[in-house]
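Each chain is listed here by its residues.
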Amino acid sequence: MKKIGVLTGGGDCPGLNAVIRAVVRRAIDTYQIGVLGIREGWAGLINGNVEPLTHFSVSGILPRGGTILGTSRTNPLKSNESMQKVLNNIKKYGVNGLIVVGGEDTLGVASRLHDMGVPIVGVPKTIDNDLSGTDYTFGFDTAVSIVTEAIDRLHTTAESHHRVMVVEVMGRHTGWIATIAGIAGGADCILIPEQPFKINEVAEMIKKRREKGKTFSIVVVAEGVEFGESSGLVTQGEKTDEFGHALLGGVGNVIGKKIEELTGMETRVTNLGYIQRGGSPTAFDRVLATRFGVKAVDMLVNKESGKMACLKGNEIGSVDLKEAISSSKTITPDLYQVAKLFFG
Ligand code: F6P
């Protein structure tokens, strides 16, 4: 193996640069393998937008958010022509193996390329922490820290004004950020896609809190809860990305309005949005991303194609890409039960 390629796809995530740095350092220092950086996710392999990565190119990037390679939600599986371009460019640039850093969509493409004979290894990335086969994805810990701090800050203003504060956080399919940051921040109610809820019961709980003398409440809502018109997802228009996902956002406003109506309490909504994804990764995410990057290179060298690096307990291992993308890893009822103990 003389040269490997690395790309980052899908939404950006704190820790991507730590993975890139680890891949470059491991490949060059340990195995004397060259690394080609592929720009803007799969788009870079369709268009031949690539650049060699050296020690110098990855120097100083460990604490930086985002990705020096850029990212996109380009889906080459949308046309045979795009897939052919990807295959041609892999050949043209002499790439003997690919490291693909992404979530379910990006890794879904990786799995298909593996089936077509391309040596490929995945690294699990998403702030949503919803990939199966790994206990944690990098980026999640950073997002949880940001949301926890936001909940702490919202507590003091909620208390001063005797308001209900609705905090909308990311989480398209699952409520990992909402649940973990909600527990850490002492949320009075957490609404997630995995747990259907009745808004009347939420309002009753808030009213009971007020009767007990708690004149404010913090309600954390994952963007993927179904509470739109006719109980659908709340989206920002009809448009979808190349993987068929609508841009979510706004369910907090719908829920906040309803809570104000049902409780008569002044309610404010904060949508934390992209703040959750930006900026420097936590120490935990830097270390996890670094361990994944090192492991991914080892896996390619050891011909473990079609697999994804993963974390089980505190051990780094590997699982089949197909397992990782088969279904979303959801919040277990046990964990939600712990959060629920502190509701109301
Ligand atoms: O995949 C992570 C995520 O943060 C989702 O929770 C969110 O719905 C999505 O990305 C939005 O990202 P973008 O606007 O970049 O498509």
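Residues numbered from 1 in each chain as written. Predicted model: local features only at pLDDT ≥ 70, side-chain atom pairs only at ≥ 80, totals over all residues. Heavy atoms only, no water.

S.K.: Any chance you could explain the sheet that holds strand β5 (residues 120-124) here in plain terms?
M.R.: Where strands meet in a sheet, backbone hydrogen bonds hold them as pairs that are either parallel or antiparallel. Overall, mixed pairing links the 7 strands, which are arranged β3-β2-β1-β4-β5-β12-β13 in an open sheet. The sheet is open, and its two edges are formed by β3 (50-53) and β13 (315-320), each paired on a single side. Averaged over all adjacent pairs, the angle separating strand axes in this sheet is 30°, with direction ignored. Taken strand by strand, helix α5 (residues 104-115) contacts β1 (3-8), β4 (97-102), β5 and β12 (307-312), and its axis lies near 160° from that of β4. Contacts from helix α10 (residues 283-301) reach β1, β4, β5, β12 and β13, with the element oriented near 140° to β12. (Pairing = 2+ DSSP bridges. Helix = DSSP H or I, 4+ residues; strand = E, 2+ residues; numbered from the N terminus. Axes fitted to C-alpha atoms, helices over the stretch in contact; angles between N-to-C directions. Contact = heavy atoms within 4.5 Å.)

S.K.: What is the right way to look at the pairing of strand β9 (residues 235-240) in this model?
M.R.: The two faces of a sheet get side chains in turn, since along a regular strand they alternate between them. With 0 of 6 residues buried, β9 is to be regarded as a mostly surface element. As judged from the 2 bridges shared by β9 and strand β10 (residues 246-248), these two strands associate in the antiparallel manner. Across the sheet, the residue bridging to Thr235 is Leu248, located in β10. Between β9 and β10, which follow one another and run antiparallel, lie 5 residues, and Gly244 among them has a positive phi close to 90°. (Buried < 20%, exposed > 50% of the residue type's maximum accessible area, 1.4 Å probe, protein only.)

S.K.: Can you help me understand the site of the ligand in this one?
M.R.: Neighbouring the ligand are the residues Arg73, Ile127, Asp128, Met170, Gly171, Arg172, Glu223, Leu247, Tyr274 and Arg277. For the ligand, an oxygen atom lies 2.8 Å from a polar atom in the side chain of Arg277. Burial of the ligand by the protein amounts to 82% of the accessible area it has alone, namely 400 Å². Grouping the constituent residues of the shell around the ligand by class yields 4 nonpolar, 1 polar and 5 charged. (Near = heavy atom within 4 Å. Polar contact = N/O pair within 3.5 Å; in protein donor to acceptor, adjacent residues only side chain to side chain. Areas by Shrake-Rupley, 256 points an atom, 1.4 Å probe, with all protein chains shown as cover. Nonpolar A, V, L, I, M, F, W, Y, C, P; charged D, E, K, R; others polar.)

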